[in-house]
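Single-letter residue listing:
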Amino acid sequence: MYKVQILQDQLEETDRDQQRARIREQALIEAVQIRQRRIAELETAQLELGSRAQEERKQWIQTADEFQKEQKDLRSEIQRLQGEIEYLKEELGETRSEKSNLEAKCVELEERLAVAEASADSGTESRDLDSLERAQKEAEDAKTELNALKEELARLRSTEAPKAANFPHTAADQLQNVADLTPQQVTKTILLADLRADQIANHRLVQDIGRSYPLGRLVEVLKALRSANNRWLIQILIAMAKYRSPSEIFTFITEYGAEGAFGSEALQWFAQKRTGNDFFKMLEIFRAHGMTSEVDEMFLSAAARKDPEGVEATMDALGGSDFDTFVDYIATQRRPESMPTLITQLQDSHPETTATIIYKMYKMRPSDTQSLHSVLSTLDMEKEARLMESIISRFEGEGEGEGDR
């Protein structure tokens with residue numbers, strides 16, 4: 001009986017140990033799952049950050065090179081202007097000195113002329129017509145030369161200063177006067193913008209140029225900025241694409257876009273930034289003019305580069321064959337690392353479209369689709385993962401059936 005009691009006690013203790021082990025096992029499993037999800041999230045973020053870092057690194061290298069070039073150009077310009085200032089100061093001093101000498105000479109000649117005339121009138125001195133005429137001529141020549149020097153002095157005083165006055169000295173002045181500036185003045189103002197501390201106002205200036213500066217003059221500014229590899233070029237194109245009407249963008253593309261390939265860039269930014277009626281209206285304008293390649297470029301840029309909210313808004317504005325074309329471009333052109341957030345955005349509002357995108361993506365890019373499925377499973381996006389499994393299974397089943405036949 002005693003041995004039985006001991007064995008029962010040992011059994012109860014073992015059961016308690018087993019329960020504790022089971023609880024610990026479950027806790028460890030949950031901890032592992034949490035960390036696996038976190039690893040998947042980090043891997044996805046790493047993919048996006050890696051891609052973004054590469055692009056940003058290229059942009060920063062380009063920006064640094066551009067800034068160094070601009071600094072070098074500005075230093076050269078400053079040195080040149082300083083040299084001109086010194087030269088003009090010397091010329092101005094010489095002109096002032098010569099002007100003072102001529103004024104004194106005029107006074108002297110006028111005095112001599114007055115004495116000669118007085119002597120001739122009083123009869124105390126014989127009339128020497130030659131001397132009198134010579135004195136008058138000298139006086140007239142001196143006055144003529146003096147007047148010419150006065151005009152030259154006035155010109156020297158106004159040669160450089162008014163030119164500088166034509167350019168705004170602050171970003172606020174730039175914003176107020178930009179519509180009145182020539183393309184050369186706008187370009188110089190932009191190139192000098194980074195030397196000013198008020199970067200917010202500089203950004204507003206560039207936005208204003210892209211939004212409202214006349215298109216014919218704007219293309220001249222863009223060409224000059226591209227030649228200078230200036231970083232504000234892209235910001236002007238983005239502002240133009242975001243705020244100009246579809247008809248203005250069409251005019252820019254057809255009349256000025258061929259110069260410097262600005263038309264293609266403006267169209268790509270328009271497709272990425274605009275949604276809804278503006279996107280549809282631009283499609284209709286291109287179709288009315290038989291510009292099918294521009295229509296294809298709009299779909300491609302929008303499908304590959306729009307954020308998930310922009311994709312959804314564009315889908316809501318499109319219908320029929322336009323909707324189908326847009327979905328096809330998403331399935332074939334969008335990067336795999338940007339698909340999870342898009343699927344999450346669309347699965348409730350456009351479930352059938354989400355299935356179509358996954359099906360066509362698997363059909364055209366099977367390896368990318370398998371990688372996407374693994375990420376979804378790791379991230380506990382079970383609904384999306386099951387949807388992919390169902391579509392892939394159906395696709396593979398159809399393939400086997402065709403093989404049997």
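Residues numbered from 1 in each chain as written. Predicted model: local features only at pLDDT ≥ 70, side-chain atom pairs only at ≥ 80, totals over all residues. Heavy atoms only, no water.

**Q** Sorry if this is basic, but what is going on with the pattern of salt bridges here?
**A** Note that side chains of opposite charge can pair when their charged atoms are close. A complete count under the given rule lists 8 salt bridges for this structure. Across the salt bridge formed by Glu-220 and Lys-223, the nearest N and O atoms sit 3.8 Å from each other. In this pair, Glu-220 and Lys-223 both sit in helix H7 (residues 215-227), 3 residues apart, roughly one turn of the helix. What makes Lys-223 partly exposed here is its relative accessible area of 31%. With a shortest N-O distance of 3.2 Å, Arg-274 and Asp-278 are connected by a salt bridge. Here Asp-278 falls in the partly exposed class, since its relative accessible area comes to 27%. Each of Glu-284, Arg-287 and Asp-322 takes part in a single network of salt bridges with overlapping partners. (Salt bridge = Lys/Arg side-chain N within 4 Å of Asp/Glu carboxyl O. Helix = DSSP H or I, 4+ residues; strand = E, 2+ residues; numbered from the N terminus. Buried < 20%, exposed > 50% of the residue type's maximum accessible area, 1.4 Å probe, protein only.)

**Q** Would you explain the environment of Ile-358 in this entry?
**A** One can find Ile-358 in helix H16 (residues 351-364). Overall, the relative accessible area of 1% leaves Ile-358 in the buried class. As a C-alpha pair, Ile-358 and Met-388 span 30 residues in sequence and 6.6 Å in three-dimensional space. Excluding residues that lie within four positions of it along the chain, Ile-358 makes contacts with Ile-343, Thr-369, Leu-387, Met-388 and Ile-391. (Contact = heavy atoms within 4.5 Å.)

**Q** Would you take a moment to explain the environment of Thr-341 for this structure?
**A** If you trace the backbone, Thr-341 turns up in helix H15 (residues 339-346). Put simply, Thr-341 and Glu-309 are 32 residues apart on the chain and 9.8 Å apart in space, counted from C-alpha to C-alpha.

**Q** Help me out: how do you make sense of the packing of aromatic side chains in this one?
**A** How two aromatic rings sit relative to each other is given by the distance of their centres and the angle of their planes. Counted by the stated rule, this structure contains 3 aromatic pairs. Seen from their ring centres, Phe-299 and Tyr-329 are 6.3 Å apart, and the 10° between their planes marks the pair as stacked. Of this pair, Phe-299 sits in helix H12 (residues 292-305) while Tyr-329 sits in helix H14 (residues 320-333), placing them 30 residues apart in sequence. Taken individually, Phe-299 and Tyr-329 each receive the classification buried, so the pair is uniform in this respect. For the cation-ring pair, Arg-211 lies above Tyr-243, with the distance from its terminal atom to the ring centre recorded as 3.9 Å. Lying over the aromatic face of Trp-269, Arg-305 brings its terminal NZ or CZ to 4.8 Å of the ring centre. (Phe/Tyr/Trp six-rings, centres within 6.5 Å; stacked < 30°, edge-to-face > 60°. Lys NZ or Arg CZ within 6 Å of the ring centre and 35° of its normal.)

**Q** Is there a simple way to explain the confidence of the model for the protein chain in this structure?
**A** Fine structural detail should not be taken from predicted coordinates in areas where pLDDT scores are low. Chain-level statistics for the protein chain give a pLDDT mean of 76 and a share of 76% at 70 or above. The secondary structure element of the protein chain with the lowest average pLDDT is helix H3 (residues 161-165), at 38, and the one with the highest is H14, at 92. Contacts from residues 159-175, a stretch scored under 50 in pLDDT, to residues over four places away or in other chains number 27 contacts. Counted against residues more than four places away or in other chains, residues 400-405, with its pLDDT under 50, gives 0 contacts. (pLDDT = per-residue confidence, 0-100.)

**Q** Can you help me understand the nonpolar core in this one?
**A** Most often, soluble globular proteins keep nonpolar side chains buried together rather than apart. Counting 67 residues, the largest nonpolar core has Ile-209, Phe-286, Met-298, Met-315 and Phe-326 as the members making the most contacts within it. The element that contributes the greatest number of residues to this core is helix H8 (residues 232-243), accounting for 7 residues. Not counting residues up to four positions away in its chain, the partners in contact with Ile-209 are Val-178, Val-186, Ile-190, Leu-218, Ile-236 and Arg-244. (Core = buried A, V, L, I, M, F, W, Y, C linked by side-chain atoms within 4.5 Å.)

**Q** Just checking my understanding: could you explain the side chain of Asn-230 for this structure?
**A** If you trace the backbone, Asn-230 turns up in the loop between H7 and H8. Judged by relative accessible area, which is 4%, Asn-230 ranks as buried. In this structure the side chain of Asn-230 is engaged in a polar contact, spanning 2.9 Å, whose partner is the backbone nitrogen of Trp-232. Leave out the neighbours within four places in its chain, and Asn-230 touches Glu-66, Glu-70, Ile-190, Leu-191 and Leu-225. (Polar contact = N/O pair within 3.5 Å; in protein donor to acceptor, adjacent residues only side chain to side chain.)

**Q** Honestly, H12 in this entry has me stumped. Any pointers?
**A** Helical geometry: 3.6 residues make up each α-helical turn, so side chains three or four residues apart lie on a common side. Compared with the 20 Å implied by 1.5 Å per residue over 14 residues, the 20 Å span of H12 between its first and last C-alpha is a close match. Those residues of H12 lying buried are Glu-294, Val-295, Met-298, Phe-299, Ser-301, Ala-302 and Ala-303. (Expected span 1.5 Å × (residues − 1).)

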